[in-house]
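# Topology and contacts: notes
The chain contents come next:
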Amino acid sequence: MARVWNDTVFAVLAVALTGGCATPSEQPATVARAEALMASNASKRGDLVLRCEPADAQVLLDGVEQGTCTDFAGVSRSLRLGDPGFHQVEVKKRGFYPYTTYYEPGRARVTLKVKLRPLAPESGSGSP
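Residues numbered from 1 in each chain as written. Predicted model: local features only at pLDDT ≥ 70, side-chain atom pairs only at ≥ 80, totals over all residues. Heavy atoms only, no water.

A few words on the overall build of the protein. On a plain count of helices and strands, the protein comes out with two helices and seven strands. When its helices and strands are written in sequence order, the protein yields α-α-β-β-β-β-β-β-β. Counting over 128 residues, the protein shows a buried share of 23%. Here the protein has roughly 9600 Å² of accessible surface; of this, 57% comes from carbon and sulfur atoms. (Helix = DSSP H or I, 4+ residues; strand = E, 2+ residues; numbered from the N terminus. Buried < 20%, exposed > 50% of the residue type's maximum accessible area, 1.4 Å probe, protein only. Areas by Shrake-Rupley, 256 points an atom, 1.4 Å probe, with all protein chains shown as cover.)

The subject of this paragraph is the nonpolar core. Of all hydrophobic cores here, the largest spans 16 residues; its most connected members are Leu48, Leu50, Leu79 and Val91. Top element by residues in this core is strand S1 (residues 46-53). It accounts for three residues. Setting aside residues no more than four positions away along its own chain, valine 91 makes contact with Cys52, Ala57, Gln58, Cys69, Pro98, Tyr99, Val114 and Leu116. (Core = buried A, V, L, I, M, F, W, Y, C linked by side-chain atoms within 4.5 Å. Contact = heavy atoms within 4.5 Å.)

With that settled, consider the packing of aromatic side chains. Counted by the stated rule, this structure contains zero aromatic pairs. Residue placement shows arginine 117 over the ring face of tyrosine 97; its charged tip is 4.9 Å from the ring centre. (Phe/Tyr/Trp six-rings, centres within 6.5 Å; stacked < 30°, edge-to-face > 60°. Lys NZ or Arg CZ within 6 Å of the ring centre and 35° of its normal.)

Along the chain, glutamate 90 falls in strand S5 (residues 87-92). Comment: no salt bridge for buried glutamate 90; closest opposite-charge side chain is lysine 92, at 4.8 Å. Excluding its chain neighbours within four sequence positions, the residues that come into contact with glutamate 90 are Gln58, Val59, Leu60, Pro98, Tyr99 and Thr100. (Lys, Arg positive; Asp, Glu negative; His and termini not counted. Salt bridge = Lys/Arg side-chain N within 4 Å of Asp/Glu carboxyl O.)

With that settled, the discussion passes to the pattern of salt bridges. The tally for this structure, following the rule as stated, stands at two salt bridges. In this structure, the salt-bridge partner of arginine 109 is aspartate 47, at a minimum N-O distance of 3.5 Å. Remark: aspartate 47 occurs in strand S1 and arginine 109 occurs in strand S7 (residues 109-115); sequence separation between them is 62 residues. With a closest N to O distance of 2.7 Å, aspartate 56 and lysine 93 form a salt bridge.

Glancing now at the state of the cysteines. All chains considered together, the criterion is met by one disulfide. Across the disulfide from cysteine 52 sits cysteine 69; the S-S distance is 2.2 Å. Taking the sign of the S-S torsion, about -65° here, the bridge from cysteine 52 to cysteine 69 comes out left-handed. One end of the pair, cysteine 52, is in strand S1; the other, cysteine 69, is in the loop between strand S3 (64-68) and strand S4 (79-81), with 17 residues separating them in the sequence. By relative accessible area, which is 12% here, cysteine 52 ends up buried. (Disulfide = S-S within 2.5 Å.)

This part covers the side chain of histidine 87. Considering the arrangement of structural elements, one finds histidine 87 in strand S5. Take histidine 87: its relative accessible area is 6%, and that puts it in the buried class. At a separation of 2.7 Å, a polar atom in the side chain of histidine 87 contacts the side chain of aspartate 62. Discounting residues that sit within four places of it in the chain, histidine 87 has contacts with Leu61, Asp62, Leu81, Thr101, Tyr102, Tyr103 and Pro105. (Polar contact = N/O pair within 3.5 Å; in protein donor to acceptor, adjacent residues only side chain to side chain.)

Structure below.
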């Protein structure tokens, strides 16, 4: 009886090790889905969320006006940078020094916080 049991265990192990498992070239659906998501993410453009003071400052991307900071202040409303390479991002408003930076889009969403400085010091303690 022990001989029959050993033969049965051997047969079950042989099936499990050869025909019962996925071949090396096959992947579980979750791994294939994860690889597909990563490949599609690699081609996505970088998004830039802007938080500015003053909020109504103009935003220019590579010298072209895009709108105001409030237009790009939310998660669903971000400045989309589709082309690879560095882009010039400028935030400006009359009466303030402009802010200029260069940004290279990646695969992540980035938040840029800008506080423009006034051209002239704020008055309030001066003489009449």
